[in-house]
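Chains, contacts and geometry: an overview
Here are the chains, one letter per residue:
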Amino acid sequence: MRILLAEDETLLSDQIKTLLISEGRAVDVAFDGDEAHFLGETEPYDVIILDIGLPGQDGISVLKKWRSAGVDTPVLILTARDGWSDRVDGLDAGADDYMTKPFNMSELAARVRAMLRRSSGQTNPLFEKGNFVFDTRTGRVTLDGIPVDLTSQEVAVLSYLIHNSGRLISRTELSEHIYAYDGDRDSNTIAVFITRLRKKLGTELIQTIRGRGYMVDAA
């Protein structure tokens, strides 16, 4: 799943990005409000992590503009301030959750996972279909209880299909959500990942709608 991280503190930004990438996310980073506003309004993110204290346009102003423009991507705001009014302002502006610095990285990762599940309408972290189980918290896949070894890109493709189960997903949409802004978005490579997944997981899980895309049925 693809995430926009808008954070101007370089060390913290690097730490969060490293964490999210380790969980199989594609991460774009914005270091000021202007860049965050542009990326959030023009790129298809699954979650946005937004620092309130960005240089240029502050985070609250950016968030209000996104919501006014119809951007409904789930947003987690970060603030270094302890005042309850800042959290209230962020939630009133359209944020879905907030964290106050300093925070635990494991908690941040858990909140992002929860936001992804809520936005896809899946409250259960385990997606189960027949003998197939996918744990959205870890990216772990099992068949008949036996772990299946997948590459990070295979997990990324599978995760997006599962979080959007029951909906037809085109190759273009998949490539937009599993690669970062400056990544190689060749949608033809998606077919390669789908072929590999079918070899490892069987041919029944991922359906092909010829000329249109792929779909995983809802659990």
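Residues numbered from 1 in each chain as written. Predicted model: local features only at pLDDT ≥ 70, side-chain atom pairs only at ≥ 80, totals over all residues. Heavy atoms only, no water.

Some details on the overall build of the protein
Scanning the protein from terminus to terminus reveals eight helices and 11 strands. Its C-alpha radius of gyration of 18 Å places the protein within 12% of the 17 Å reference for a compact globule of 219 residues. If one aligns the C-alpha atoms of the protein with their principal axes, the spans along those axes are about 50 × 35 × 30 Å. For the protein, buried positions account for 50% of its 219 residues. (Helix = DSSP H or I, 4+ residues; strand = E, 2+ residues; numbered from the N terminus. Rg over C-alpha atoms; globule rule 2.2 N^0.38 Å. Buried < 20%, exposed > 50% of the residue type's maximum accessible area, 1.4 Å probe, protein only.)

Describing the pairing of strand β4 (residues 75-79)
Of all five residues making up β4, five are buried, and the element is well covered by its neighbours. Side chains Val75, Ile77 and Thr79 project from β4 onto one buried face, and the interleaved Leu76 and Leu78 project onto a second face that is buried too. Here strand β3 (residues 47-51) pairs with β4 via four bridges, running parallel. Residue pairing in the sheet places Asp51 in a bridge with Leu78 of β4. Tracing the backbone out of β3, into helix α3 (residues 59-68) and back to the parallel element β4 gives a crossover that is right-handed. (Pairing = 2+ DSSP bridges. Right-handed = clockwise from strand over helix to strand, strands pointing away.)

Observations regarding the packing of helix α1 (residues 10-22) against helix α5 (residues 105-119)
Relative orientation and spacing of two packed helices are given, respectively, by the angle between their axes and the distance between those axes. At a minimum axis distance of 11 Å, the contact between α1 and α5 shows a crossing angle of 55°. Considering the angle they form, α1 stands oblique to α5. Relative to α5, α1 is oriented so that their crossing is right-handed. Where α1 abuts α5, its residues Leu12, Gln15, Ile16 and Leu19 lie against Met105, Leu108 and Ala109. Taken together, the residues that form the contact of α1 with α5 break down as six nonpolar, one polar and no charged. (Axes fitted to C-alpha atoms, helices over the stretch in contact; angles between N-to-C directions. Parallel < 35°, antiparallel > 145°, perpendicular 65-115°, else oblique. Left-handed = near helix turned anticlockwise from the far one by under 90°. Contact = heavy atoms within 4.5 Å. Nonpolar A, V, L, I, M, F, W, Y, C, P; charged D, E, K, R; others polar.)

Comments concerning the nonpolar core
With 47 residues, the main nonpolar core has Ile49, Phe132 and Leu158 as its most contacted residues. Looking at this core, the element that brings in the most residues is helix α6 (residues 152-163), giving seven residues. Once residues within four sequence positions are removed from consideration, Ile49 is found in contact with Ile3, Leu4, Leu5, Ala6, Ile16, Leu20, Leu76, Leu78, Leu108 and Val112. Within the second largest apolar cluster, 19 residues are counted, among which are Ile52, Leu54, Leu63 and Ala93. (Core = buried A, V, L, I, M, F, W, Y, C linked by side-chain atoms within 4.5 Å.)

As for α5
Residue pairs three or four apart in sequence face the same way in an α-helix, which turns once every 3.6 residues. Here α5 is 15 residues long and its end C-alpha atoms lie 21 Å apart, about the 21 Å a rise of 1.5 Å per residue gives. Structurally, α5 contributes buried residues whose contacts are with β1 (2-6), α1, β3, β4, β5 (97-100) and α6. A side-chain oxygen of the first residue of α5 lies 2.8 Å from the backbone nitrogen of Ser106; this N-cap is Asn104. A positive phi of about 75° marks Gly121, the residue just after α5. (Expected span 1.5 Å × (residues − 1). Polar contact = N/O pair within 3.5 Å; in protein donor to acceptor, adjacent residues only side chain to side chain.)

Some remarks on the packing of aromatic side chains
Applying the stated rule across the entire model yields one aromatic pair. With a centroid separation of 6.4 Å and an interplanar angle of 70°, the aromatic rings of Phe127 and Phe132 are classed as edge-to-face. Just as Phe127 is buried, Phe132 falls in that class too. (Phe/Tyr/Trp six-rings, centres within 6.5 Å; stacked < 30°, edge-to-face > 60°.)

By themselves, these are just geometric observations and shouldn't be taken as functional.
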